[in-house]
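# Geometric and topological summary
For reference, the chains in residue letters:
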Amino acid sequence: MPTRHLKDGVNVYQTAGKKCKFFKLFRSRASSGTQCLFLHLGIMTCVHLLLTLVFAVSLGTPVEVHRPRGVPLSKKPFYEENKPFTCLDGSKTILFDQVNDDYCDCKDGSDEPGTAACPNGKFHCTNAGYKPTFIPSSRINDGICDCCDTTDEYNSGAKCENTCKELGRKEREVLQKMAEITKEGFLLKQQLIEEAKKGRGEKQSKVTEMQDNKKQLEEKVEALRTVKETAEQPEREAKERHLKAWEEQKAAIRLVKDKAKMAEAFLELDDNADGLVSVSELQSHAELDSDTDGTLSEAEAKGLMGGVEQVDTATFESVWENIKDKYHSESQPEEPAPVETPVDEVKEPVVDNESEPYPEDISEEEDEDDDDDDEYHEEDEKAPPTMKTPEKSQEDEEAMPPYEADTQVLIEAAQKARDDFEEAEKALREMDDQIRNIEKELSFDFGPNAEFTYLYSQCYELSTSEYIYRLCPFNRVSQKPKFGGSETNLGTWGSWSGPENNKYLSMKYEHGTGCWQGPNRSTTVKLTCGKETMLTSTSEPSRCEYLMEFITPAVCQEPSNIDLSAHGHTEL
Amino acid sequence: MQMTAVVELCFVLLLFLLFVSAQAVDRSNFKTCDQSSFCKRQRELKPGQSPYRALLDTLELSDSRLTLQLINDNNKVRLLLELYRLQGNMTRVKINELKPIKPRYEVPDVLISDPITEALSVVSQDDNSLVLSLGGNEQRLIVSAQPFRLDIIEGPQVLMSLNSRGLLAFEHLRVRKDTISHKISSTVGSMWDSIKSVFSSNSESEETTGQQKEEQPTSEDGQIKEEEEEKPGMWEETFKSHSDSKPNGPSSISLDFSLPGVEHVYGIPEHADTLRLKSTENSDPYRLYNLDVFQYELHNPMALYGAVPVLISHSTERTMGIFWLNAAETWVDISSNSPDTVSSDAPQTNVRWVSESGIIDVFIMLGPKPADVFTQYASLTGTQSFPPLSALAYHQCRWNYNDQEDVKAVDQGFDEHDIPYDFIWLDIEHADGKRYFTWDPIKFPTPKDMLKGLMDKRRKLVAIVDPHIRVDSGYRIHNEIRSKNFYVKNKDGGDYEGWCWPGNSGYPDFTNPEMRAWWASMFAYDQYEGSMENQYIWNDMNEPSVFNGPEVTMHKDAVHGVWEHRDVHNLYGLYVQKATSEGLIQRSGGVERPFVLTRAFFAGSQRYGAVWTGDNAAEWGHLKISIPMCLSLGLVGISFCGADVGGFFKHPSAELLVRWYQAGAYQPFFRAHAHIDTPRREPWLFGPENTALIREAVRQRYALLPYWYQLFYNAHNTGQPVMRPLWVEYPAEVITFSIEDEYLIGKDLLVHPVTDEGATGVTAYLPGKGEVWYDVHSLQKHDGDQSLYIPVTMSSIPVFQRGGSIICRKERIRRSSSCMENDPYTLYVALNPQGFAEGELYIDDFHTFNYQKSKQFIHRRLSFSNNSLTSRNLAPDAQFSTESWIERIVVIGGSRPSSVSLISADGVESALEFEFSSNPAVLTVRKPSVSAAADWTVVLRREQFINVYKHLGVRKLGDFWVNYLFKRKDSDWSIFNEKRKLKSAM
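Residues numbered from 1 in each chain as written. Chains lettered and ligands numbered in written order. Predicted model: local features only at pLDDT ≥ 70, side-chain atom pairs only at ≥ 80, totals over all residues. Heavy atoms only, no water.

### As for the overall build of chain A
Operational definition: Helix numbers and strand numbers start at the N terminus; a helix is a DSSP run of H or I with at least 4 residues, a strand a run of E with at least 2. Throughout this description, buried means an accessible area under 20% of the type-specific maximum (1.4 Å probe, protein chains only), exposed means over 50%, and partly exposed covers the range between. What makes two residues a contact is simply this: any of their non-hydrogen atoms within 4.5 Å.
When its secondary structure is counted, chain A shows eleven helices and 14 strands. Sorting the 572 residues of chain A into buried and exposed places 37% on the buried side. Long-range pairs, those at least 24 residues apart, make up 48% of the contacts in chain A between residues at least 6 apart in sequence.

In structure tokens:
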């Protein structure tokens, strides 16, 4: 038998002595004559047993209260020496020798607390100097040191060292340190709560004050609106007059031009220069084809001619009406007609506000969202200018003449009224925004005592080898490559997501940038007590699901002195 | 994170360069038969008169080899037929060109040795035929001269015919006529010329060259020219944007086999298809061409990651096999004469093999029983490697465990949730920039600490090492391969490069034995920095996968030494695993058994480790198909097979994940794996109920590890598959021939996993007239030869133990299989109606070659008959000591004994305690406490019991308490103990 078994000789429970009594593995209630038969594994085993016996005797009685291996002190009364043992679930009663005999008799595993025989057994490590604990009995003698007092590995050959004292010391140190941090952190937290209270009061009164101001502003806006409307009425009338005059002028010019064109066309069509345009002469202009078969048939031409074979310059006028939209001058056959169409449209000078492609509120919004580099958004914003350019190029030489001086005066007056009005309206909007922002802030759940208020509108960064992570509590989480590249949204504020007993131990940020074939990115922020406020780590445990650790005094619990002494209790 | 960026980059590449659709396989990335010019050419040939004629006067017969020339009457090209009779009831048929203008590839390294031949003799001969004796059983081989065909007969019965449909076609090598000068001046051509000159100076005499000259003019009728030039794709072929330069021109081969009386054929993996092969008359043929198929489709003859060109036929009369030893792209057409076709009333299956290059080299395995075919095939290509026990336990994998802390946390998670596992796996992200053999310095800065941490828990790790090597002058592995000139070459002679995970990559030429030796040496602990003895290896992407190559693999005109990639393609993956596995053996000085997982494989890959079914998906259909896919592999020698538990792509529902664990726990290779883009799915992330269900499934696996281990030992020694279709054990029960939703593990456990969503029951077929099966959970008895409806809940895994078997379990489930090494056994003795049962127990050190080198093992036969259970030594010359003992014997299906006693090797008898329940009839014998290594007998005595029953009050029995027990009919332990308490109190 390997000597490794020697050191494990301390079987704290001793039964009335037969020579193989310590070796629980093969104990049986069978007569003593058969007992060693069961130890049939051979002489090795018996040598081991003898050595074990000697070792145990030489050590003397252990200090601990006698109880079967693996049984906690609290359960000791159920394991009465030399009396039949009833499984703790009451399912069965067995001889006491069958307790810890390395065979599972009880369904609840209670007969084998010190061996691995039962699939559901629990082994108790006393762990003097540290915390007592239960381990699954499958970890007994599996070659892995689980209990710091080494008691789980009494027969496996595993070289375990008793580390309980060291662990206890380390734990006390940690607890001590934690206690200090908690203490200081908790003080800070009190301040935070105070500040938050104060800040909240201030904000509330500010909102009230702003509400009053807002009212005044609204009145001012209304007043200015009236002024503006009053000034715009004469302006509109003057403009309309001007426009009408221009329209008439344009119509006259167009008429003259049309006549000239008609004359030109007549000359062109009159191929034989006989002063008459005939059907056949008209047929040379295939573009006048009405049934779109590509040719101008004689019947079609005649139709255009008003049913006659030929027309003179006077009667051509009615023919011209029929053909002028389609007619291509032979001298400039390439020039398409559309140039003329815009002439019919009323060309507004670009002074009017309504045609302004960038309403102010939009551009403001964009300013606010400056860090949001949503690319689609940008593209949308850039689109209108390119569409606007062709309009400009369509302006022809027939630009509207400038307004007369008295109209100009009216316009300027109206413009001033408009400007005043807009300025006031803008101020009102800004005021509204401010109120909304403060109200929004006030609506956040900043913790039971508003201790998280101070995190609002702050951002915390953590730099890793490749990225800079940025947490803006109650707002958003992002990741930016250190060496170029755009920022990725790892989620915007969702909710508190801690455990039921304290939801304020973790924050959830959701709906970040989507992942390829995966979910949208999201981040969980775990909060722990600290003297400072900082981001301490980030990771991506699952694809696109990030985890951050964040320390803040705001989660520090009131230190309790009981904590430390409670641990002291367990040391025996 | 960094990972995110790199992976996204990779996927963007994948997505845009290769896979237009991200949803499922993009079939257009892979060739159909019509798009593969040789397949198209060959498939255009219709059955009919074969142009081949055997020239019987060229017959040469030595003791074990017969040769004969065949002539193609259309083009006068001569072939050489070689016939061998092989030991173990096999026939080998080789056909090559008699005088090829350059050598044709013959697959090396797949056969474990030159097969042992047996004497062939001519029984009779006439003008048109030749009858050869194949030894006993009246087996004859008939060679018919015109048209050429071979028939193997036994007595009056034809077992198999070759070229009976006249589809033998051999595209002889030829010189390209139109651009002859161009061809000769090309690099490859001149290389071939030099090889050819070496070859001819060695083996060809003047006479033969003379003959060649003589023959060519005789074929001036123009037919050669017509045939050579007419068909498209002979000298160049394009697929999508890739072109194949085909410097050697057409070289494909084809042969047909007819199997009279056969309706069921199996094998030729790997396909995501039914166990029983389908007729391909209305579809593409089954394709064998190792490919990295993204999100593969089910029930499709498309090629997948591996190829084993072995087809097994089975009928109630006979089981046979055809092993087509060719590593080039191969297509297999299957058709059958069902009774409605005019030709004949007897069923017949026709199989036609077509390969792109090489020679015809076929092994015909004549059975007659399934076990004989497995033995025959194992004698050719070897058996399953015997894995370390831990490799048969549970494996936890994910692409990717992010860093050392993650590995530690997952390891801890298994302990916290009390779920055993043996291996945790690291995918490609663990390496520094996908430079295999290295570690990411930020995520895995101290790999040895990590490995040591796992070792302290008696657990192990697998890291991936793929065969694509990042082209990077700062990477030692690349520099060495380049400087040693070990890379595969492109058609122009430079190093072949392609895109894979690391970006631009080179591909080591694993067909080169020097390269393999060097590769193996890289696994030495001083070469592979950060590696330790509890680290094992996974070879992925070894088809090889080339993201920007044709069909996501290597160009066929790439060059391996003197051969084209075309010739060796299906063999590449085998070589990668072979070299890696040899590396692992060498690093331990030949002591430790290796464990290497591979995705690509070929015939013979069973010798080097495990395979898995590649990148499946979290879908019920993929769970279902895992059974026929692994069964097909088992039939052709590869027993160590599994599918990614949970499905690789996509996110499984909790129900699917649980069902997959339950199924995976009863498949040979048991590994959970997940794609990097899926949410985490460690077993405890689906709520406590599902955690408990998964824990239970994994624990059932660990309890049965002794049985799995013994079966793998058996597979290693005999070539019998571990996971078997029912028909293998019940070859006469036709109803079993198409069953693929249940199977046998060994011959004693029948498993019918639940593979349907929301299932409330399954219908299992229990085979064997007159046999009985016991539900392993309830121990209820069911008769064989019936379909049994079994209601199921989420915790059900329908498994049955065969009446007549003894299965050894270890019922103390611990953290890992290593922790359970010395634990005691419980024997489950399931009696057949005759009251008989037998089984085996195999024990060794579970991880070294000592079982082989120094016979350090225990192998015992356990048999139960005449009411005694005996453990007998099956290997008296072997020696091993174990601390394991027998803690419990459970006898199922017997009657109540009056006493149970143990008789030890020295004849001493002692009573054993026991309990008995009558419904179901289960006798549990408490603590025999004998060493698992010892001889012993446990006797159940019934006579005395009858005595007791007859004469109540008779005291004189083996033990003083027994009478108390047996006065009561329904006594149980508690009553017994009450009595005993009373007794001891007295």
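### Brief notes about the overall build of chain B
A tally of helices and strands in chain B yields 22 helices and 54 strands. Counting only residues that meet the buried cut, chain B has 64% of its 986 residues in that class. Within chain B, counting contacts between residues at least 6 apart in sequence, those at least 24 apart form 71% of the total.

### Points about the packing of helix α11 (residues 513-521) of chain B against helix α13 (residues 572-587) of chain B
Residue and element names in this part refer to chain B. To keep things clear, this is the line we draw: All axes here are fitted lines through C-alpha atoms, helices being fitted over the stretch that makes contact, and every angle between N-to-C directions spans 0 to 180 degrees. Roughly parallel means an angle under 35 degrees; roughly antiparallel, over 145; roughly perpendicular, 65 to 115; everything else is oblique. Helix crossings fall into two classes, left-handed where the near helix is turned counterclockwise from the far one by less than a right angle and right-handed where it is turned clockwise. In this classification, Asp, Glu, Lys and Arg are treated as charged, Ala, Val, Leu, Ile, Met, Phe, Trp, Tyr, Cys and Pro as nonpolar, and every other residue, Gly included, as polar.
Running from N to C, α11 and α13 cross one another at 45°; their axes reach a closest spacing of 7 Å. Relative to α13, α11 is oriented oblique. Where α11 crosses over α13, the two elements pack in a sense that is right-handed. Contacts between α11 and α13 involve Arg516, Trp519, Ala520 and Ser521 from the former and Tyr575, Val576, Lys578, Ala579, Thr580, Glu582, Gly583 and Gln586 from the latter. Its residues placed into classes, the contact of α11 with α13 shows five nonpolar, four polar and three charged.

### Brief notes about the state of the cysteines
Residues and elements named next belong to chain A. The line we're drawing: Pairs of cysteine sulfur atoms within 2.5 Å are identified as disulfides in what follows.
Applying the stated criterion across every chain yields a total of ten disulfides over all chains. Note that Cys145 is cross-linked by a disulfide to Cys160, the S-S spacing being 2.0 Å. Residues Cys145 and Cys160 are joined through a disulfide that is left-handed, its torsion about the S-S bond being -90°. Highlighted residues: Cys145 in the loop between β4 (133-136) and α3 (164-269) and Cys160 in the loop between β4 and α3, separated in sequence by 15 residues. Take Cys145: its relative accessible area is 38%, and that puts it in the partly exposed class.

### Here's the deal with the sheet that holds strand β22 (residues 394-396) of chain B
Residues and elements named next belong to chain B. The cut-off we apply is this: The criterion for strand pairing is that DSSP finds at least two bridges linking the strands in question.
A sheet is described by the order of its strands in space; here nine strands give the open sequence β33-β32-β31-β28-β24-β23-β22-β35-β34, paired in parallel fashion. Only two strands of the sheet have a single neighbouring strand rather than two, namely β33 (641-642) and β34 (644-645). Two elements, strand β28 (residues 535-539) and strand β31 (residues 596-598), share three bridges in a ladder whose sense is parallel. Pairing of Asn539 across the sheet is with Thr598, part of β31. Relative to strand β24 (residues 460-464), helix α9 (residues 447-456) is tilted by about 140°, and along the sheet it contacts β23 (423-426), β24 and β28.

### What about the pairing of β23(B)?
Residue and element names in this part refer to chain B. Put simply, the rule reads: When the strands point away from the viewer and the path from the first strand over the helix to the second turns clockwise, the crossover is right-handed.
Going residue by residue along β23, you find Phe423 and Trp425 tucked away on one face and Ile424 and Leu426 tucked away on the opposite face as well. The pairing of β22 with β23 spans two bridges and is parallel. Residue pairing in the sheet places Gln396 in a bridge with Ile424 of β23. Viewed along the sheet, the connection from β22 through helix α8 (residues 404-416) into β23 turns out right-handed. Bridge count for β23 against β24 is four bridges, and the pairing is parallel. Counted as the bridge partner of Phe423 is Lys460 from β24. Handedness of the crossover joining β23 and β24 through α9: right-handed.

### Some points on the environment of A:Phe550
Residues and elements named next belong to chain A. Within the secondary structure, Phe550 is located in strand β14 (residues 545-552). Owing to a relative accessible area of 1%, Phe550 belongs among the buried residues under this scheme. As for Phe550 and Thr536, which are separated by 14 residues in sequence, their C-alpha atoms are 5.6 Å apart. Leaving out residues up to four positions away in the same chain, Phe550 has contacts with Leu455, Tyr460, Leu471, Val525, Lys526, Leu527, Thr528, Thr533, Met534, Leu535 and Thr536.

### Some remarks on the pattern of salt bridges
Two side chains bearing opposite charge may form a pair once their charged atoms approach each other closely. All names here are of chain B. Let me state the cut-off plainly: A carboxyl oxygen of Asp or Glu within 4 Å of a side-chain nitrogen of Lys or Arg is what we treat as a salt bridge.
Counted by the stated rule, this structure contains 93 salt bridges over all chains. We note a salt bridge from Lys457 to Asp411, for which the minimum N-O separation is 2.6 Å. A residue pair is termed long-range when its members are at least 10 positions apart, and Lys457 in the loop between α9 and β24 and Asp411 in helix α8 qualify at 46 residues. Taking the shortest distance from any N to any O, the salt bridge between Glu429 and Lys434 comes out at 3.4 Å. One exposure class covers both Glu429 and Lys434, and it is buried. A single network of salt bridges, built from pairs that share partners, joins Asp244, Arg287, Glu329, Glu356, Glu551, Lys556, Glu564 and Arg566.

### Let's talk about the nonpolar core
All names here are of chain B. For clarity, the cut-off: We define a nonpolar core as any set of buried Ala, Val, Leu, Ile, Met, Phe, Trp, Tyr and Cys residues linked to one another through side-chain atoms lying within 4.5 Å.
Among the nonpolar cores identified, the biggest contains 218 residues, and Phe323 and Trp936 are the most heavily contacted of them. Looking at which element gives the most residues to this core, the answer is helix α14 (residues 620-635), with nine residues. Setting aside residues no more than four positions away along its own chain, Trp936 makes contact with Leu827, Leu862, Leu869, Thr870, Ser871, Ile886, Ile889, Leu902, Ile903, Val930 and Ser931. Formed by 49 residues, the second largest nonpolar core is a distinct cluster that contains Leu162, Tyr286, Ala307 and Ile334.

### Quick word on the confidence of the model for chain A
All names here are of chain A. Note the cut-off: The score called pLDDT rates the predictor's confidence residue by residue, from a low of 0 to a high of 100.
Per-residue confidence for chain A gives a mean pLDDT of 77, with 74% of residues at or over 70. Across residues 1-63 the pLDDT falls below 50, and counting only partners more than four positions away or on other chains, this stretch makes 110 contacts in the model. In this model residues 333-397 is a low-confidence stretch, pLDDT under 50, and it forms 31 contacts with partners more than four residues away in sequence or in other chains.

### Considering the sheet that holds strand β25 (residues 469-470) of chain B
Residues and elements named next belong to chain B. The sheet built from three strands is open, its strands ordered β25-β27-β26 with antiparallel pairing. Strands with a single pairing partner mark the edges of an open sheet, and in this sheet they are β25 and β26 (497-500). With four bridges joining them, β26 and strand β27 (residues 503-506) adopt antiparallel strand pairing. Residue Gly498 lies in a different strand from β27, and its bridge partner there is Ser505.

### Things to note about α9(B)
Residues and elements named next belong to chain B. Note the cut-off: The directions from the helix axis to the C-beta atoms form the arc being described.
Considered for burial, the residues of α9 that qualify are Pro447, Met450, Leu451 and Leu454. End-on view of α9: buried residues confined to an arc of 95°, all on one side of the axis. The inward-facing, buried residues of α9 abut α8, β23, β24 and β28. Once α9 finishes, Arg458 follows within two positions and takes phi at roughly 60°, a positive value.

### Observations concerning the confidence of the model for chain B
Residues and elements named next belong to chain B. For chain B, per-residue confidence averages 90 on the pLDDT scale, and 87% of positions sit at 70 or higher. Within the model, the stretch residues 181-190 combines pLDDT values under 50 with nine contacts to residues more than four positions away or in other chains. Predicted as a complex, the structure gets a pTM of 0.80 and an ipTM equal to 0.86.

### Considerations on unusual backbone geometry
Note the cis peptide between B:Glu543 and B:Pro544, where omega equals 0°. Its location among the elements puts B:Pro544 in the loop between β28 and β29 (559-560). Geometrically, the link from B:Asn919 to B:Pro920 is a cis peptide bond, its omega value of -5° lying close to zero. The residue B:Pro920 is located in the loop between β52 (914-918) and β53 (921-926) in this model. The phi dihedral of A:Asn82 is positive, around 65°, even though this residue is not glycine. The residue A:Asn82 is located in the loop between α2 (43-59) and β1 (85-86) in this model.

### Some words on the packing of helix α16 (residues 688-703) of chain B against helix α17 (residues 705-718) of chain B
Residues and elements named next belong to chain B. α17 packs onto α16 with a crossing angle of 50° between their chain directions and a minimal axis gap of 4 Å. Between α16 and α17, the crossing angle belongs to the class labelled oblique. Contacts from Arg701, Tyr702 and Ala703 in α16 reach Leu705, Pro706 and Trp708 in α17. Class assignment for the residues of the contact of α16 with α17 results in five nonpolar, no polar and one charged.

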